[in-house]
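What follows is each chain in one-letter form.
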Amino acid sequence: MKLSIYNLGVQATGYVGKTIQAISDMMPLDQGAAKATYTLSKGVTDCTIVLKDMDDNVVYTAKCETSAGALDFLWDGKNINGEQLPDGAYKIEVLTTVPEGETSASVTTTVFGRVTGVASDDSGIYLGLGDALTTTLDYVVTSRNEDYWDKLIAEIQKNNGSSSEDEEIKEE
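Residues numbered from 1 in each chain as written. Predicted model: local features only at pLDDT ≥ 70, side-chain atom pairs only at ≥ 80, totals over all residues. Heavy atoms only, no water.

Q: How do you make sense of the state of the cysteines when you look at a structure like this?
A: In a disulfide, the sulfur atoms of two cysteines are held together by a covalent bond. Taken as a whole, this structure holds one disulfide when the rule is applied. Between C47 and C64 runs a disulfide, and the two sulfur atoms are separated by 2.3 Å. Judged by the torsion about the S-S bond (-80°), the C47/C64 disulfide is left-handed. A residue pair is termed long-range when its members are at least 10 positions apart, and C47 in strand β4 (residues 46-52) and C64 in the loop between β5 (58-63) and β6 (69-75) qualify at 17 residues. A single burial state applies to C47 and to C64, both of which are buried. (Disulfide = S-S within 2.5 Å. Helix = DSSP H or I, 4+ residues; strand = E, 2+ residues; numbered from the N terminus. Buried < 20%, exposed > 50% of the residue type's maximum accessible area, 1.4 Å probe, protein only.)

Next up, the structure:
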């Protein structure tokens, strides 16, 4: 078992500097930028993204796309009043409404984060996302190249804020 964890730890160091996508409802705000995806199991009549700080205070809300499938959400780290929030961990919730009599839509969120370090203990291997969040290897969905986070920041700044309809950041 120790050799397995050691081998995974060595492999995990290859993620440092890259951006990963991981299943989570905690989103890292890093350098004033954040990206998440939300996947709706079916179309809904209303959709709202709610971001909360670590004290469970609502800091930001936005209407979001209502069609079924995987949809992107970019955030510039500004609160409801337009003030820049500090980098850190923020909870993302996607609230949906369906027509009366229909079953609710299931929602899965994934978040993107720049891997800043690797740690391990007897329970597993952990990847640090920014300075405030960790995830385990088993929640990692994709890995992006080293310049992905810089391109993400530039895209958010170009669009002057957040959007759930922004184009996918292109990889080279």
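Q: What exactly am I supposed to notice about the sheet that holds strand β7 (residues 88-97) here?
A: In a beta sheet, neighbouring strands are held together by backbone hydrogen bonds and run either parallel or antiparallel to one another. Taken in spatial order, the four strands of this open sheet run β2-β7-β4-β5, and their pairing is antiparallel. Of all strands in the sheet, those bounded by a partner on one side alone are β2 (26-29) and β5. Looking at each pair of strands side by side, their axes are set apart by 30° on average, direction ignored. (Pairing = 2+ DSSP bridges. Axes fitted to C-alpha atoms, helices over the stretch in contact; angles between N-to-C directions.)

Q: Whenever I open this one, the environment of S143 confuses me. Can you help?
A: Following the sequence through the fold, S143 ends up in strand β11 (residues 140-144). When the C-alpha positions of S143 and I20 are compared, they lie 4.3 Å apart, and in sequence the two are 123 residues distant. The contacts of S143, once residues within four sequence positions are left out, are Y15, K18, T19 and I20. (Contact = heavy atoms within 4.5 Å.)

Q: I'm lost on the packing of aromatic side chains in this one. Help?
A: To describe a pair of aromatic rings, you give the distance between the ring centres and the angle between the ring planes. Within this structure, the stated rule accounts for four aromatic pairs. The interplanar angle of 80° and the centroid separation of 5.2 Å between the aromatic rings of W75 and Y90 together place this pair among those described as edge-to-face. You can see W75 sitting in strand β6 and its partner Y90 sitting in strand β7, a full 15 residues away along the chain. On the accessibility criterion, W75 (0% relative accessible area) is buried. Residues F112 and Y148 carry aromatic rings whose centres are separated by 6.0 Å and whose planes lie at 20° to one another, so their mutual orientation is stacked. Within this pair, whereas F112 is found in strand β8 (residues 107-121), its partner Y148 is found in helix α2 (residues 148-158), the two being separated by 36 residues in sequence. The two residues F112 and Y148 agree in class, both being buried. Through pairs of rings, three or more aromatic residues link up here, namely Y60, F73, W75 and Y90. When the ring centre of F112 is taken as origin, the NZ or CZ atom of K35, which lies over that ring, is 4.5 Å away. (Phe/Tyr/Trp six-rings, centres within 6.5 Å; stacked < 30°, edge-to-face > 60°. Lys NZ or Arg CZ within 6 Å of the ring centre and 35° of its normal.)

Q: Is there a simple way to explain unusual backbone geometry in this structure?
A: Although it is not a glycine, Q31 adopts a positive phi angle of roughly 60°. For Q31, the location among the structural elements is in the loop between β2 and β3 (34-40).

Q: Please clarify how a nonpolar patch on the surface should be interpreted in this entry.
A: Judged by side-chain polarity, I23, Y139 and V141 come together as a nonpolar surface patch covering roughly 270 Å² of accessible area. Locating V141 in the fold gives a position in strand β11. (Patch = residues over 30% accessible without salt bridge, like charges linked within 9 Å, V, L, I, M, F, W, Y side chains within 5 Å. Areas by Shrake-Rupley, 256 points an atom, 1.4 Å probe, with all protein chains shown as cover. Salt bridge = Lys/Arg side-chain N within 4 Å of Asp/Glu carboxyl O.)

Q: I would appreciate a short explanation of the side chain of T110 in the present structure.
A: Within the fold, T110 resides in strand β8. At 2.8 Å, the side chain of T110 and the side chain of Q21 are in polar contact. Apart from the residues lying within four places of it in its own chain, the contact partners of T110 are Q21, A22, I23, S24, A36, T37 and V141. (Polar contact = N/O pair within 3.5 Å; in protein donor to acceptor, adjacent residues only side chain to side chain.)

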